[in-house]
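# Structural description and commentary
Single-letter residue listing:
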Amino acid sequence: MGVFRSSQRLLALSLAACLCIPGWGQRYTPTDLTQASLEELANLQVTSVSKKEQSLAKAGAAVFVITQEDIRRSGMTNIPDLLRMAPGVNVARLDANTWAISIRGFNDRYSDKVLVLIDGRSVYSVVNSGVFWDQQSVPLEDIDRIEVIRGPGGTVWGANAVNGVINIITKNSKDTQGGLVTAASGSEQSADGLVQYGGRIGSKGTYRAFGNYFSTESSLLGKGVEGADGWHGSHGGFRSDWIFSPRDRLMVEADLFQTAEGQTLTSVIANQLPLTRTFNDRVTVGTGSFQGQYNHTFSNGSELDFLGYFDRYQRHDEGDSSVANTDAELQYHFKFGSRQDLMAGAGYRLTSSTYFGAYDAFFIPNRRRDNLFSIFLQDEIRLRSDLTFTLGSKVEHNVFTGFEYQPSAQLVWIPRERQTVWFSASQAIRQPSALDVGVQLAESVIPLGGDQFGVAELSGNHQLNAEKLIDYEAGYRNQVDSRLSIDVTTFVSNYSDLRTNEPGAPFYTLDPGPPHMVFPSTWGNSARARDYGAEVSASWDVAKRWRISPGYSLLRMKVTPDATSGDAAVATTGGYSPQHQAQLRSSVKLSRTLEWDTSAYYVGRLTNGPVPAYTRLDTRLGWTLRERTYLSVSGQNLLTPRHFEFLNGYQVHPTEVERSIVGKITWRF
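Note that the coordinates shown come from a computational prediction; the quantities given were computed from them, not determined experimentally.

Attention now moves to empty space enclosed by the protein. If you walk through the whole model with that rule in mind, you get twelve cavities of 30 Å³ or more. Here the largest cavity is characterised by a volume of approximately 470 Å³. What lines the largest cavity is a set of 33 residues, among which I118, R121, S137, D255 and S289 lie closest to the centre. Counting only elements with at least two residues in the lining of the largest cavity, the list comes to β7 (121–122), β12 (205–216), β15 (231–245), β16 (248–268), β17 (276–297) and β18 (303–316). Per-element tally for the lining of the largest cavity: the top contributor is β17, with five residues. Taken together, the residues that form the lining of the largest cavity break down as twelve nonpolar, twelve polar and nine charged. Reported here for the second largest cavity is a volume of approximately 230 Å³. Forming the boundary of the second largest cavity are 24 residues, of which A61, P152, G153, Q410 and S426 lie nearest the centre.

All right, on to the pattern of salt bridges then. In this structure the tally under the stated criterion is 48 salt bridges. Residues R73 and D597 are paired through a salt bridge, measuring 2.8 Å at the closest nitrogen-oxygen approach. A residue pair is termed long-range when its members are at least 10 positions apart, and R73 in helix α3 (residues 68–74) and D597 in strand β34 (residues 594–603) qualify at 524 residues. Across this residue pair, the class does not change: R73 and D597 are buried. Measuring nitrogen to oxygen at the nearest pair gives 3.3 Å for the salt bridge that ties K174 to D175. For K174, a relative accessible area of 47% translates into the label partly exposed.

On to the environment of N163, then. Position of N163 relative to the elements: it lies in the loop between α5 (154–157) and β9 (164–170). A residue is classified by how much of its surface remains accessible, and N163, at 2% relative accessible area, is buried. In this structure, the C-alpha to C-alpha distance between N163 and R430, residues 267 residues apart in sequence, is 9.8 Å. Those residues in contact with N163 that lie beyond four places of it in its chain are I103, R104, G105, F106, K113, I149, R150, G151, L469 and Y495.

Let us now look at a nonpolar patch on the surface. The grouping of I470, Y472, V492 and Y532 at the surface amounts to a nonpolar patch, some 360 Å² of accessible area in total. Along the chain, V492 falls in strand β29 (residues 484–503).

For the structure shown, the criterion picks out 15 aromatic pairs. Measuring from ring centre to ring centre gives 5.8 Å for W242 and F244, while their planes differ by 15°; the resulting arrangement is stacked. Overall, the relative accessible area of 23% leaves W242 in the partly exposed class. Ring geometry for F298 and Y332: centres 6.2 Å apart, planes at 85°, overall edge-to-face. Here F298, found in the loop between β17 and β18, pairs with Y332, found in strand β19 (residues 319–336); they are 34 residues apart in sequence, far enough to count as distant. A residue is classified by how much of its surface remains accessible, and F298, at 32% relative accessible area, is partly exposed. One aromatic cluster is present, formed by Y110, F132, Y313 and Y650 through successive ring pairs. Over the ring of F491 we find R104, and its NZ or CZ is 4.0 Å from the ring centre. Across from the ring centre of W523, 4.0 Å away, lies the NZ or CZ of R499, which sits over that ring.

When pLDDT is averaged along the chain, the result is 92, and 95% of the positions lie at 70 or above. In this model residues 1–34 is a low-confidence stretch, pLDDT under 50, and it forms 60 contacts with partners more than four residues away in sequence or in other chains.

The next thing to look at is the sheet that holds β7. With mixed pairing, the five strands of this open sheet are ordered in space as β3-β8-β9-β6-β7. Each edge of the open sheet is held by one strand with a lone partner, namely β3 (62–67) and β7. As paired elements, strand β8 (residues 143–150) and β9 share seven bridges and run antiparallel to each other. Across the sheet, the residue bridging to I146 is I168, located in β9.

This next bit is on the nonpolar core. In terms of nonpolar packing, the biggest core is built from 61 residues, with V63, L83, W133, I146 and I166 touching the most fellow members. The greatest single-element share of this core, amounting to five residues, is contributed by strand β6 (residues 114–118).

Glancing now at the pairing of strand β36 (residues 629–636). Within β36, six of the eight residues are buried, which leaves the element mostly enclosed by the surrounding structure. Where strand β35 (residues 614–626) meets β36, seven bridges bridge the pair, whose relative direction is antiparallel. Paired with W623 across the strands is L631, a residue of β36. Here β35 folds back onto β36, and the loop between the two strands holds two residues. Summarising the sheet, β36 and strand β39 (residues 660–668) pair through eight bridges and their orientation is antiparallel. Paired with Q636 across the two strands is S660, which belongs to β39.

Scoring rules and cut-offs
Residues numbered from 1 in each chain as written. Predicted model: local features only at pLDDT ≥ 70, side-chain atom pairs only at ≥ 80, totals over all residues. Heavy atoms only, no water. 1 Å grid on protein atoms, 1.4 Å probe; cavity = no way out; pocket = protein on both sides within 12 Å on 5 of 7 lines; lining within 4 Å. Points joined across faces, edges and corners; volume = space filled by probe spheres on them. Helix = DSSP H or I, 4+ residues; strand = E, 2+ residues; numbered from the N terminus. Nonpolar A, V, L, I, M, F, W, Y, C, P; charged D, E, K, R; others polar. Salt bridge = Lys/Arg side-chain N within 4 Å of Asp/Glu carboxyl O. Buried < 20%, exposed > 50% of the residue type's maximum accessible area, 1.4 Å probe, protein only. Contact = heavy atoms within 4.5 Å. Patch = residues over 30% accessible without salt bridge, like charges linked within 9 Å, V, L, I, M, F, W, Y side chains within 5 Å. Areas by Shrake-Rupley, 256 points an atom, 1.4 Å probe, with all protein chains shown as cover. Phe/Tyr/Trp six-rings, centres within 6.5 Å; stacked < 30°, edge-to-face > 60°. Lys NZ or Arg CZ within 6 Å of the ring centre and 35° of its normal. pLDDT = per-residue confidence, 0-100. Pairing = 2+ DSSP bridges. Core = buried A, V, L, I, M, F, W, Y, C linked by side-chain atoms within 4.5 Å.

Here it is in structure tokens:
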């Protein structure tokens, strides 16, 4: 293994050395902070709030945008770590290939109240309503921006957009013309390379095609014991954009991704009771997707959008699962009179899934075909020149709970040119998943004395309701002057029908043998919760070439089981999310060719685990070596040798996040 890792580093560094030769084509110059003023950043066009372009400064929601320049200068190597920049987002690494990511609480390995999108394509798993972050591979150089909506987005995006939406938006292929080669190696990520080329297709089309490979080392389980969570993968894809006429545009993209990784498990072996084993388990993933989006603008200025996609993944992870989604959405944007701006749309999704369990978990039935139908309407009404009211709702029909309604209302007031005050009220739902209705799980073996034992078993419930949220928010944005801007949001969130684990009456069984007691439980909807808090972010241009970006979030959660519930543990749900988080990012342009970036992230303690509070310090130094060659060196988690971030991995043993360093070279031609 050591020889293999050394060979990987040698290969990556050799490639990096080769890239230092003179090239040709467009000169590469890192973006200067002064090229993007605070006013320009405030007027960024975002699409995730209302499914139409609108100025960030005038959006009636808590929006945070991670720009391509933020991504480049962060030194991060994956999407989960990039999300640490956004206030209100809790990113906790469980092991080297697994993350728990949530917005405004309810963090979990399978966080099911955040909807994640890539170019408008939903990537949550219908098996558990969560996101497998190790499957979400996008070359960071191709991301245009990441729009993070804190708060409900169900009116526009539908089920599971409960506490927020994360939309990863890639660049138009016309903006990635020419060649790009990157190579990186470090103490944790032993190899990472990208080869990409973009060109033209006649006079109306452009394209880019890429191939990427990465390899990450295993981390420590604690006390110097190495885990089995190392992983490596490859990713290839293309995107093509066409402008057939001033009124007709088409985007087509597709990709294939595969990875092999590992994890350390402790699991009941259901077919060998009462055996419980701790062992290293191999995980393999293969995914593929195809997506097309067509836009037509009519002579009266109205727009028609059609989005269609197909994606599929096969995953061997404590069993075998296969999921295929076929999705089609039609959206019409038009103006009615001089004061109303309307959006209407309809969608259909067909999901085919199979799950063959292993060790302790099985699904009944193990094959499903589920349909989801939706329609939505949203009307933005200009009451005055400085006051806008938006009202809308989405109606969905799913196979689990039937019809669900997700209305919202927003009021946006612009008292002065650079100030925005907004209020919103909305409802969102988290629909049940295959895990909720069909799981059969042997949770643990309970010694009863002598040769006797019992098994705690959890069963799905076909009668579950959707989890519901009613949310109220208020926000204030102010570009104080050309050097300072602030953004403040407060919220109160009320949840009902939260999922609980309800115990049943114990019974004795002979099948499967040997004879044992069963302590059964099933999912219920017998808890409620109230969250409240605030999020603050700011940008301050201290000097012409120095920008500081602080952020802070406060979250208070109280989860309460109903009087009829037997789930005492649900009240501790808030202990998986920190009450306090803070960020401070500094970006300095030291000279024409040299830049320095430093970021500090504070995360409060988790009472469940427990996990102590920690501060993460990252720094990065980058410089332009030649006209088209750029080099950077980044250090991450510099304050402590290693620490845990999250401990609730169910059967998966967590590993420690270690201090690391990575060098990267980029060549454009």
